[in-house]
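The chain contents come next:
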Amino acid sequence: MEREKSLLATNLTTLRKAEKLTQLELAEILSYSDKSISKWENGDTVPDLDTLIALSNFYNVALDTLCKKELDASTAQRNQAEGAKKRRAMTRNKIIIALLSISLVWFTATFVYVQLLLIYHYNYWMAFVWAAPLSCLVVVIFCAIWSSPKPIIAAVSALVWATLFALHLNFVSLGFDNFATLYFLGIPIQIALILWSGLNFKKRSRQ
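Everything quoted here is computed from the prediction, not taken from an experiment.

Asker: Sorry, what's going on with the packing of aromatic side chains here?
Answerer: What characterises a pair of aromatic rings is the spacing of the ring centres plus the angle enclosed by the ring planes. Within this structure, the stated rule accounts for 7 aromatic pairs. Note on Phe-58 and Tyr-59: the rings are 5.2 Å apart at their centroids and 65 degrees apart in plane angle, and the pair reads as edge-to-face. There is no split in this pair, since Phe-58 and Tyr-59 are both buried. Ring centres 5.8 Å apart and planes at 25 degrees place the aromatic pair Tyr-122 and Tyr-124 in the stacked group. Using a relative accessible area of 24% as the deciding quantity, one classes Tyr-124 as partly exposed. When the ring centre of Phe-58 is taken as reference, the NZ or CZ atom of Arg-87 above it lies at 4.7 Å.

The structure is reproduced here in structure tokens:
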């Protein structure tokens, strides 16, 4: 057990250096404290199973190899290159899926606009305005599934302001005035998001 623990500590250090990451940078990626990363690499503690799996995926190394076989610098660099390529491909696929989903929102808005114009001769241009907050909502959903808290907060912030803008234009299109005060609603929401981000980004010292 001590041998595997020592090998794991050595491999984690080698792999991190191959990625050209500091302990603090890796801690931010994994949502751990740099103190925990240091303990793992010194062999003081061992990451839990879920974290070991996350590390093996991040470094593109089999879990068994990570714990039972010492990796040299060249192997670590090769794994780093392959892992970086895989992550780029995954990121590209995620972006394409998100853009396709947003395209569906705008296609639906266009379809509604054309149908109302052709059938009822009604120029419902607000369909395109409402497509903006709906697009932001799609981004929020994908950020919640795939991303870290910072992009989620940015996407939620965009959703709030886009929704308020759409409501404002909707009231104006109906002939109502003085609804610009709607934007004041966004101020406490924005403050709450900023405060939430502060709570969310505090690193925990997990073992």
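Asker: What exactly am I supposed to notice about helix 7 (residues 126-146) here?
Answerer: Residues separated by three or four positions in an α-helix point in the same direction, a consequence of the helix having 3.6 residues per turn. The terminal C-alpha atoms of helix 7, which comprises 21 residues, lie 31 Å apart, in line with the 30 Å expected from a rise of 1.5 Å per residue. Within helix 7 the residues assigned to the buried category are Met-126, Ala-127, Val-129, Ala-131, Pro-133, Ser-135, Cys-136, Val-138, Val-140, Phe-142 and Cys-143. In this fold, the buried residues of helix 7 make contact with helix 6 (73-120) and helix 8 (149-173).

Asker: Quick question: what am I supposed to make of the pattern of salt bridges here?
Answerer: Pairing between side chains of opposite charge can happen when their charged atoms approach one another. In the structure shown here, the tally under the stated rule is 2 salt bridges. A salt bridge links Arg-87 to Glu-19; the shortest N-O distance between them is 3.3 Å. Highlighted residues: Arg-87 in helix 6 and Glu-19 in the loop between helix 1 (2-18) and helix 2 (23-30), separated in sequence by 68 residues. Owing to a relative accessible area of 12%, Glu-19 belongs among the buried residues under this scheme.

Asker: Can you walk me through helix 4 (residues 49-59) in this structure?
Answerer: Listing the buried residues of helix 4 in full gives Thr-51, Leu-52, Leu-55, Ser-56, Phe-58 and Tyr-59. Down the axis of helix 4, the buried set is contained in an arc of 165 degrees. They therefore lie on one face. Exposed residues on helix 4 whose side chains face more than 90 degrees from its buried face are Leu-49, Asp-50 and Asn-57. On the buried face of helix 4, the contacting elements are helix 1, helix 2, helix 3 (34-42), helix 5 (63-68) and helix 6. Just downstream of helix 4, Asn-60 is the residue with a positive phi angle, here 60 degrees.

Thresholds, definitions, all that
Residues numbered from 1 in each chain as written. Predicted model: local features only at pLDDT ≥ 70, side-chain atom pairs only at ≥ 80, totals over all residues. Heavy atoms only, no water. Phe/Tyr/Trp six-rings, centres within 6.5 Å; stacked < 30°, edge-to-face > 60°. Buried < 20%, exposed > 50% of the residue type's maximum accessible area, 1.4 Å probe, protein only. Lys NZ or Arg CZ within 6 Å of the ring centre and 35° of its normal. Helix = DSSP H or I, 4+ residues; strand = E, 2+ residues; numbered from the N terminus. Expected span 1.5 Å × (residues − 1). Contact = heavy atoms within 4.5 Å. Salt bridge = Lys/Arg side-chain N within 4 Å of Asp/Glu carboxyl O. Arc of directions from axis to C-beta.

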